[in-house]
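Each chain is listed here by its residues.
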Amino acid sequence: MNIYSGPVFDMARTQFHSIADHLDIPADERDRLLYPKRAIAVSCPVHRDDGRLAVYQGFRVQHHLTLGPTKGGTRFAPSVDIGEVAALAVWMSWKCALAGLPYGGAKGGVTVDPYSLSLRELEGLSRRYMQEMIPFVGPHTDVMAPDMGTNEQVMAWFMDTYSMYQGQTVTEIVTGKPVATGGTLGRREATGRGVAYLVERAMDRLGLPMTGATAIVQGFGNVGSVTAAALAARGAKVLGVADHTACYFDPKGLDVPALLRHAAVAGKLAGFSNELAFDPAALLEQPCDILVPAAMERVIDGATAQRLQCRVLAEGANGPTTPDADAVLQLRPEIFVIPDILCNAGGVIVSYFEWIQDLQQFFWDEAEVNDRLYRALQRAFVQVLDRAAREKVSNRTAAMAIGVAKVRDAKRVRGLFP
Ligand code: NAD
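All figures in this text were calculated on a predicted structure; none of them were measured in a lab.

### Details of the sheet that holds strand β9 (residues 290-293)
The strands that make up a sheet pair up through hydrogen bonds in the backbone, lying either parallel or antiparallel.
Then, in step 1: A sheet is described by the order of its strands in space; here six strands give the open sequence β8-β7-β6-β9-β10-β11, paired in mixed fashion. Strands at the two margins of the open sheet, each flanked by one partner only, are β8 (247-249) and β11 (336-338). Pairs of neighbouring strands in the sheet enclose a mean axial angle of 15 degrees, with direction left out of account.
Then, in step 2: Strand direction decides the pairing type here: strand β10 (residues 312-314) and β11, joined by three bridges, are parallel. Directly across from Val312, in β11, lies its bridge partner Phe336.

### Description of the site of the ligand
Then, in step 1: Neighbouring the ligand are 22 residues; Asp147, Thr191, Asn222, His244 and Asn318 lie closest to it.
Then, in step 2: Asn222 has a polar backbone atom sitting 2.9 Å from an oxygen atom of the ligand.
Then, in step 3: The contact in question runs from an oxygen atom of the ligand to an N or O atom on the backbone of Val223, over 2.9 Å.
Then, in step 4: Burial of the ligand by the protein chains amounts to 86% of its free accessible area of 830 Å².

### Some thoughts on the packing of helix α6 (residues 187-206) against helix α13 (residues 346-360)
Then, in step 1: Across the interface, α6 lies against α13 with an axial gap of 7 Å and an inter-helix angle of 145 degrees. In this structure, α6 crosses over α13, and the sense of that crossing is right-handed. Of the residues in α13, those in contact with Arg187, Ala190 and Thr191 of α6 are Gly346, Gly347, Val350, Ser351 and Glu354.
Then, in step 2: Of the residues assigned to the contact of α6 with α13, the class counts are two nonpolar, four polar and two charged.

### Details of the sheet that holds strand β3 (residues 70-77)
Then, in step 1: The strand order across the open sheet formed by five strands is β1-β2-β4-β3-β5, and the pairing between neighbours is mixed. Two strands close off the open sheet at either side, each with one partner strand: β1 (38-47) and β5 (142-146). Averaged over all adjacent pairs, the angle separating strand axes in this sheet is 25 degrees, with direction ignored.
Then, in step 2: Here strand β2 (residues 53-62) runs beside strand β4 (residues 104-111); their pairing, made up of five bridges, is antiparallel. Paired with Gln62 across the strands is Ala106, a residue of β4.

### Regarding the pairing of strand β7 (residues 237-242)
Then, in step 1: Most of β7 sits out of view: five of its six residues are buried.
Then, in step 2: The sheet contact formed by strand β6 (residues 214-218) and β7 spans five bridges and is parallel. Bridge pairing in β7 places Ala215 opposite Val238.
Then, in step 3: Where the polypeptide runs from β6 across helix α7 (residues 222-233) and back to β7, its parallel neighbour, the crossover connection is right-handed.
Then, in step 4: The pairing of β7 with β8 spans three bridges and is classified as antiparallel. By the bridge assignment for β8, Gly240 is matched with Phe249.
Then, in step 5: Here β7 folds back onto β8 in antiparallel fashion, the turn holding four residues.

### What to know about helix α8 (residues 256-266)
Then, in step 1: Within the sequence span of α8, burial applies to Val256, Ala258, Leu259, His262 and Ala263. Down the axis of α8, the buried set is contained in an arc of 155 degrees. They therefore lie on one face. Exposed residues on α8 whose side chains face more than 90 degrees from its buried face are Arg261, Ala264 and Val265.
Then, in step 2: Where α8 is buried, its residues contact α7, β7 and β8.
Then, in step 3: Following α8 by one or two positions, Gly267 adopts a phi angle in the positive range, close to 75 degrees.

### Overview of helix α14 (residues 366-391)
Then, in step 1: The terminal C-alpha atoms of α14 lie 37 Å apart, and with 26 residues this matches the ideal 38 Å at 1.5 Å per residue to within 8%.
Then, in step 2: Buried within α14 we find Val369, Asn370, Leu373, Ala376, Leu377, Ala380, Phe381, Val384, Leu385, Arg387 and Ala388.
Then, in step 3: Lining the buried residues of α14 we find α3 (82-99), α6, β11, α12 (340-343), α13 and α15 (395-414).
Then, in step 4: Directly beyond the C-terminal end of α14, a positive phi value near 55 degrees is found at Lys392.

### Here we look at the packing of aromatic side chains
Then, in step 1: Applying the stated criterion across every chain, the model contains 15 aromatic pairs.
Then, in step 2: Members of the aromatic cluster, joined through ring pairs, are Tyr103, Tyr352, Phe353, Trp355 and Trp364.
Then, in step 3: Over the ring of Phe417 we find Lys37, and its NZ or CZ is 4.9 Å from the ring centre.
Then, in step 4: Looking at Arg201, its charged tip hangs above the ring of Tyr197, at a distance of 4.7 Å from the centre.

Calculation notes
- Residues numbered from 1 in each chain as written.
- Predicted model: local features only at pLDDT ≥ 70, side-chain atom pairs only at ≥ 80, totals over all residues.
- Heavy atoms only, no water.
- Pairing = 2+ DSSP bridges.
- Helix = DSSP H or I, 4+ residues; strand = E, 2+ residues; numbered from the N terminus.
- Axes fitted to C-alpha atoms, helices over the stretch in contact; angles between N-to-C directions.
- Near = heavy atom within 4 Å.
- Polar contact = N/O pair within 3.5 Å; in protein donor to acceptor, adjacent residues only side chain to side chain.
- Areas by Shrake-Rupley, 256 points an atom, 1.4 Å probe, with all protein chains shown as cover.
- Left-handed = near helix turned anticlockwise from the far one by under 90°.
- Contact = heavy atoms within 4.5 Å.
- Nonpolar A, V, L, I, M, F, W, Y, C, P; charged D, E, K, R; others polar.
- Buried < 20%, exposed > 50% of the residue type's maximum accessible area, 1.4 Å probe, protein only.
- Right-handed = clockwise from strand over helix to strand, strands pointing away.
- Arc of directions from axis to C-beta.
- Expected span 1.5 Å × (residues − 1).
- Phe/Tyr/Trp six-rings, centres within 6.5 Å; stacked < 30°, edge-to-face > 60°.
- Lys NZ or Arg CZ within 6 Å of the ring centre and 35° of its normal.

Shown next as structure tokens:
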């Protein structure tokens, strides 16, 4: 089982065993729950613009098929390896189960710096990756979506490549597509909207007003930028933002609409301002009410957790907090943690809405999408908080316990196949 190595999978494994201990899951049941059903590795050759041939390594990990097809994003990033992809697939399983979606978790990725590719090269790589995956995916076996480094355009290329092979348009093979090709209204914004909605619920619980609350957001891609905009729209003051190119901080509050306009044109934060430039390593530790890591995993370790000065830690990214940091946060009850599998679940919830709309070819308006999204998040939020209070555990333990127990129960009644 040791093909799944590396710090991110180690983190998923450590978390799982602590939940399994909490749920008293016998030792012989654990490997079946933790280790993926399938992992696929492929080579993706691409002609570069300068005439050279480059080969990129791609992966897809399908964690379990016990509750329905697998579902999960595709990440294009230099860090991608099979361990990272497997960890993200495992987290997707607990997230889907917690949200009550009929899916197992999956994840895919290509080891590549997507910012180093031209548009033509990105299209070539996206189409080749999907082509290699065709024998292993399908609308009722494994449905892809965007993640770091991929977007609606990449999903449109995935869908088109799969459809050409089938000889018919199969929109339901991916979610997070442009609305023009069977995507749903509200999917692009769903994750960030969900993060802001849950932050508001958490602030309510703490008796803190959103108006005038201060926020810091790390990551200014799909999740981070929409979260910053949605927090600002709810009256919060966004003090700091960062992406991989720049970090800005203003104690008086940043102009979020201006940042969004800049990022839309430049494709990055760099170039927005010289005066507001700030040390990215210190950003997460600045005093604020709401802290949203929305870039990558393992950015909050034990030492950083000691220095956090926020009231709500809203995990927009997957796996931003290490188990060491979690141990510190257990001793800091003044910080309300909205754990990743709850906090960023808005993305997969609206992906599920997109999939069912595609299967029925019956499309909803955006108000219906958002209303159903908020109701699903509210249900999961209340379940997590109730369980945490009842069992005197952290919100993360409660959230993961709900997800893991649901998959365990389904596996127990079904048998060994899925
Ligand atoms: P994205 O590619 O759109 O954006 C990623 C952002 O992170 C970019 O702004 C990038 O510059 C920034 N970043 C990368 N390295 C950084 C660094 N060292 N410091 C600061 N910023 C850095 O990706 P996304 O879809 O917004 O995903 C972000 C996170 O949210 C990931 O953990 C992803 O798994 C998770 N997530 C995404 C969705 C979704 O619907 N897109 C859903 C659930 C979870």
